[in-house]
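The chain contents come next:
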Amino acid sequence: MENNKNLIEIKDLSIHYIVEGEGTVRAVEDMNLEIGKGETLGLVGETGAGKTTTALGIMQLVPNPPGKIVNGEIYFEGENLITKSPAELRKIRGNKISMIFQDPMTSLNPVMTVGEQIAEVVKLHQKVNAAQAIERAKEMLEKVGIPADRHKEYPHQFSGGMRQRVVIAIALACNPTLLIADEPTTALDVTIQAQVLDLMKHLKDEFNTSMLLITHDLGVVAEVCDKVAIMYAGNVIEYTDKKRLYTEPRHPYTIGLFGSIPNAEEDEERLNPIKGLMPDPTNIPSGCPFHPRCPKAMDVCSERKPKNTEIEPGHFVKCLLFEENVK
Amino acid sequence: MQERLLEVRNLKKYFSTKKGLLHAVDDVNFFINKGETLGLVGESGCGKSTTGRVVLRLLEATGGEIIFEDKDILQFSKDEMREMRKEMQIVFQDPFASLNPRMSVSEIIAEPLRVNKIYKDKIDMSKRVAELMDTVGLAERLVNTYPHELDGGRRQRIGIARALALKPKFIVQDEPVSALDVSIQAQILNLMDDLQKEFSLTYLFISHDLSVVKHVSDRIAVMYLGKIVELSDYKSMFKEPKHPYTQALLSAIPVPSIEVKRERIILEGDVPSPINPPEGCRFYGRCRYRQPICNEKTPELEDIGNDRFVACHFTNNLKEATV
Ligand SMILES: Nc1ncnc2c1ncn2[C@@H]1O[C@H](COP(=O)(O)OP(=O)(O)OP(=O)(O)O)[C@@H](O)[C@H]1O
Ligand SMILES: Nc1ncnc2c1ncn2[C@@H]1O[C@H](COP(=O)(O)OP(=O)(O)OP(=O)(O)O)[C@@H](O)[C@H]1O
Ligand code: SF4
Ligand code: SF4
Ligand SMILES: [Mg+2]
Ligand SMILES: [Mg+2]
């Protein structure tokens, strides 16, 4: 069943939000993903695709109500997180799994020095005294390229890029086995983004940390990830290793995404956007959720839900074009 | 010979702040030819939006000249400027914040027509609004909806329709697609391209996204801390960036491809404060080619041939720093 080489395995996971008066948002549907030791998986999708919800699902932090894990299992080091008690989960979070949240600027405490904030996490999860925790905090600051003697400064005394590095230092302070990073560089300028990505790659290699990197930027994925999962309206519609995704994308939505982005290395005259708009999350189209926008849609696409099909070893696509017995 | 629509000379915009004079735009020079797109790129706070607003006189310049069709619009009276505004429009980044939430789609698009008393007849005005909605790809049925009922892409289409209402020659696009998802962003970029051709529009396109700027621009100006450090046609710039900052900036672009591997230049340190900046090159503290003179004398934007302009004391002669 579950593979020992994988640090985390997500099986048939579905997460819904039940919103009074509006209906059910199927934020994550039948998700199957795994991340190996030291591996980085990129989770890509546009607004509302279900990326953050997936991360909250792994952390067992989906707000309930309105959210609920309605189906599936999440194995972490061979054990199902969904059946863990709150006390067990608290131990895992921060110790073994840590998360960088989407809006990092709000995840720092403005009235605490950055050193104290890192030390606090260290103390919570490791048996160390206050002095040792501060020493560890200073070490972490150096690791993210901030001079240790600035540990007594407050967040507002740092630039945006430095604050983001502090957030990374906090997330890595306990040497987690899995780091979930939700759009960690989206708010940063490109030269600072380059600094931060460089740092994350470095630390990941040094500690052999596995990572789930959430982003909408296919450039960032090409830079950092080993594998990629593309999400659309709650579904992972394509999932494979990075090389295959960039050289042989198969799902019409993935192909549409590549057609939509200008590439600094190429001189395209015109973009090939995907037509239409994102669906209403409480009213996802029947059959394949992408069918109203899909240039390859067939009659059957509005009626039948595509299954996850392995078109080549390790290359999964959710599209009826690749299913047998579909005409 | 290409005709110039707009030329900006020694443009300055300083803000007084508690800590001193903030040099948001400091001695900026550029021109834009008719029908062309000049891209303006640079990192947060380098002065892009301020430049765009000062050029339209939505903010008053501290100094300099803004020559639009051979006339310095900084010398214009209020009335003259009101006439001139019809020629010069702006589209903002955040379509939501820039649209009045209490006005319907048709009211928003009609507003500039109403304010400038373009139509006496209400039916003519509605016809024009319908035409504009059609031009930007907004379905007729949305005419009485409100911005909050619409998605970001449609809201941006409203902003574009409003900017087109008075048939301008020139539009400042201030991060028009930065808030949009990529699939919608591509639709809007294509729309703006079509409109430019159809109505012979000239654009100043402001963005921090270098891939987008490269895609839309004929020429690109790179800004750093209130100054233009490099200006040239997009091809030469991407092929062979000259200024050390442009080199670092272009090397940092994440490219959605696994075939190209770029040599990345990781910049040390952070952007310095724009308040009372000292004499000397503003990139000095982060430049790996800096020399003693760079800290004493401000490099001017100089013509280095082939319509390329660079502000660096050591263009074509960069050597690793000795200081
Ligand atoms: N607390 C909530 N209550 C109700 N619906 C929610 C809640 N959180 C998220 N959703 C809905 O679930 C869907 C998935 O949201 P999620 O935040 O996971 O998307 P995302 O891919 O992270 O998007 P973004 O790129 O905008 O961060 C969306 O339709 C969203 O509106
Ligand atoms: N009204 C104002 N008063 C004081 N300072 C201002 C004002 N407007 C802008 N500034 C400052 O001027 C500088 C340039 O700001 P501007 O908004 O033009 O930058 P930008 O390049 O558009 O940045 P971004 O990419 O973040 O939009 C910044 O340091 C900013 O803080
Ligand atoms: S299942 Fe049909 S509509 Fe969906 S992506 Fe495939 S071809 Fe397009
Ligand atoms: S003038 Fe000097 S410091 Fe400035 S960019 Fe050129 S070499 Fe670097
Ligand atoms: Mg999210
Ligand atoms: Mg701006």
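Residues numbered from 1 in each chain as written. Chains lettered and ligands numbered in written order. Predicted model: local features only at pLDDT ≥ 70, side-chain atom pairs only at ≥ 80, totals over all residues. Heavy atoms only, no water.

1. A closer look at the overall build of chain A
Inference 1: Scanning chain A from N- to C-terminus turns up nine helices and twelve strands.
Inference 2: Relative to a compact globule of 327 residues, whose C-alpha radius of gyration would be 20 Å, chain A shows 21 Å and is just as compact.
Inference 3: Taken along the three principal axes of its C-alpha coordinates, chain A extends 70 × 50 × 40 Å.
Inference 4: In chain A, which comprises 327 residues, the share counted as buried stands at 54%.
Inference 5: Taking contacts inside chain A between residues at least 6 apart in sequence as the whole, the part at least 24 apart equals 60%.
Inference 6: Of the roughly 14600 Å² of accessible surface on chain A, 49% is carried by carbon and sulfur atoms. (Helix = DSSP H or I, 4+ residues; strand = E, 2+ residues; numbered from the N terminus. Rg over C-alpha atoms; globule rule 2.2 N^0.38 Å. Buried < 20%, exposed > 50% of the residue type's maximum accessible area, 1.4 Å probe, protein only. Contact = heavy atoms within 4.5 Å. Areas by Shrake-Rupley, 256 points an atom, 1.4 Å probe, with all protein chains shown as cover.)

2. Description of the sheet that holds strand E10 (residues 235-241) of chain A
Residues and elements named next belong to chain A.
Inference 1: Strand order in the open sheet formed by eight strands is E6-E7-E8-E3-E9-E10-E12-E11, and the pairing between neighbours is mixed. In this open sheet, the two strands that pair with only one neighbour each are strand E6 (97-100) and strand E11 (308-312). Averaged over all pairs of adjacent strands, the angle between strand axes in this sheet comes to 20 degrees, irrespective of strand direction.
Inference 2: As defined by bridge partners, strand E3 (residues 40-44) adjoins strand E9 (residues 227-232) across four bridges and the pair is classed as parallel. Its bridge partner being in E9, valine 44 is matched across the sheet by isoleucine 230. (Pairing = 2+ DSSP bridges. Axes fitted to C-alpha atoms, helices over the stretch in contact; angles between N-to-C directions.)

3. Focus on the interface of chain B and chain A
Inference 1: With 43 residues of chain B at the interface, the matching set in chain A holds 44 residues.
Inference 2: Both sides together, the interface formed by chain B and chain A hides about 3700 Å², and carbon and sulfur atoms give 56% of it.
Inference 3: Here chain B is connected to chain A by four salt bridges.
Inference 4: Lysine 235 of chain B is the salt-bridge partner of aspartate 267 of chain A, the closest N and O atoms lying 3.7 Å from each other.
Inference 5: Applying the counting criterion to the chain B and chain A interface returns 17 residue pairs in polar contact (both at pLDDT 80 or more).
Inference 6: Counting only elements with at least two residues in the side of chain B that touches chain A, the list comes to helix H6 (182-199), helix H7 (210-216), helix H8 (234-239) and helix H9 (244-251) of chain B.
Inference 7: Ranked by residue count, the leading element in the side of chain B that touches chain A is H6 of chain B, at ten residues.
Inference 8: For the side of chain B that touches chain A, a count of residues per class yields 19 nonpolar, nine polar and 15 charged. (Buried area = accessible area lost by both parts, 1.4 Å probe. Salt bridge = Lys/Arg side-chain N within 4 Å of Asp/Glu carboxyl O. Polar contact = N/O pair within 3.5 Å; in protein donor to acceptor, adjacent residues only side chain to side chain. Nonpolar A, V, L, I, M, F, W, Y, C, P; charged D, E, K, R; others polar.)

4. Considerations on the side chain of aspartate 174 of chain B
All names here are of chain B.
Inference 1: Assignment of secondary structure puts aspartate 174 in strand E7 (residues 170-174).
Inference 2: Within polar-contact distance, the side chain of aspartate 174 engages the side chain of serine 49 at 2.8 Å.
Inference 3: When near neighbours in sequence (up to four residues on either side) are disregarded, aspartate 174 contacts Ser49, Arg53, Val91, Phe92, Gln93 and Ile206.

5. Observations concerning the site of ligand 3
Inference 1: Taken together, His251, Pro252, Cys288, His291, Cys294, Lys296, Ala297, Cys301, Cys319, Leu320 and Leu321 of chain A make up the full set of residues near ligand 3.
Inference 2: In the shell around ligand 3, the residues fall into eight nonpolar, two polar and one charged. (Near = heavy atom within 4 Å.)

6. What about the packing of aromatic side chains?
All names here are of chain A.
Inference 1: All told, the structure shown has nine aromatic pairs over all chains when counted by the stated rule.
Inference 2: Here the aromatic rings of tyrosine 232 and phenylalanine 290 are separated by 5.1 Å at their centres, their planes lie at 80 degrees, and the arrangement is edge-to-face. You can see tyrosine 232 sitting in strand E9 and its partner phenylalanine 290 sitting in the loop between helix H9 (252-260) and E11, a full 58 residues away along the chain.
Inference 3: A residue is classified by how much of its surface remains accessible, and tyrosine 232, at 1% relative accessible area, is buried. (Phe/Tyr/Trp six-rings, centres within 6.5 Å; stacked < 30°, edge-to-face > 60°.)

7. Focus on the site of ligand 2
Residues and elements named next belong to chain B.
Inference 1: Taken together, 13 residues sit near ligand 2, with Ser44, Gly45, Lys48, Ser49 and Thr50 positioned nearest.
Inference 2: A distance of 2.8 Å separates an oxygen atom of ligand 2 from a polar atom in the side chain of lysine 48.
Inference 3: Here an oxygen atom of ligand 2 and a side-chain polar atom of serine 49 are 2.8 Å apart.
Inference 4: In isolation ligand 2 has 630 Å² of accessible area, and contact with the protein removes 62% of it.
Inference 5: Every element with two or more residues in the shell around ligand 2 is listed here: strand E2 (20-33) and helix H1 (48-55).
Inference 6: Looking at which element gives the most residues to the shell around ligand 2, the answer is H1, with three residues.
Inference 7: In the shell around ligand 2, the residues fall into five nonpolar, five polar and three charged.

8. Topic: a negative patch on the surface
Inference 1: A contiguous patch of negative charge on the surface is contributed by Glu279, Glu300, Glu302, Asp303 and Asp307 of chain B.
Inference 2: Mapped onto the fold, aspartate 303 of chain B is located in strand E11 (residues 302-303). (Patch = residues over 30% accessible without salt bridge, like charges linked within 9 Å, V, L, I, M, F, W, Y side chains within 5 Å. Lys, Arg positive; Asp, Glu negative; His and termini not counted. Charge placed at Lys NZ, Arg CZ, Asp CG, Glu CD.)

9. Some points on the packing of helix H3 (residues 105-115) of chain B against helix H4 (residues 122-135) of chain B
Residues and elements named next belong to chain B.
Inference 1: Interhelical geometry of H3 versus H4 gives an angle of 115 degrees and a closest axis separation of 10 Å. Where H3 crosses over H4, the handedness of that crossing is right-handed. Along the contact surface, H3 presents Val105, Ser106, Ile109, Ala110, Leu113 and Arg114, while H4 presents Met125, Arg128, Val129, Leu132 and Met133. (Left-handed = near helix turned anticlockwise from the far one by under 90°.)

10. What about the domain arrangement of chain A?
Residue and element names in this part refer to chain A.
Inference 1: When its domains are assigned, chain A resolves into domain 1 (6-96 + 174-322) and domain 2 (97-173).
Inference 2: With centres defined by C-alpha atoms, the gap from domain 1 to domain 2 works out at 28 Å.
Inference 3: At the boundary of domain 1 with domain 2, total buried surface from both sides reaches about 2400 Å², with 69% on carbon and sulfur atoms.
Inference 4: Taken together, domain 1 and domain 2 are joined by one salt bridge. (Domains from an automatic or database assignment.)

11. Let's talk about the sheet that holds strand E5 (residues 71-72) of chain B
Residues and elements named next belong to chain B.
Inference 1: Strands sit in the order E2-E1-E4-E5 across an open sheet of four strands; the sheet is antiparallel. Across the chains shown, the open sheet's two edge strands, defined by having one partner strand only, are E2 and E5.
Inference 2: As defined by bridge partners, strand E1 (residues 4-17) adjoins E2 across eleven bridges and the pair is classed as antiparallel. From the neighbouring strand, arginine 4 faces E2, where its bridge partner is asparagine 33.

12. Considering the nonpolar core
Inference 1: Counting 66 residues, the largest nonpolar core has Ile109 and Ile160 of chain B as the members making the most contacts within it.
Inference 2: The element best represented in this core is H6 of chain B, accounting for seven residues.
Inference 3: Counting 58 residues, the second largest nonpolar core, distinct from the first, contains Cys174, Val220, Val224 and Tyr246 of chain A. (Core = buried A, V, L, I, M, F, W, Y, C linked by side-chain atoms within 4.5 Å.)

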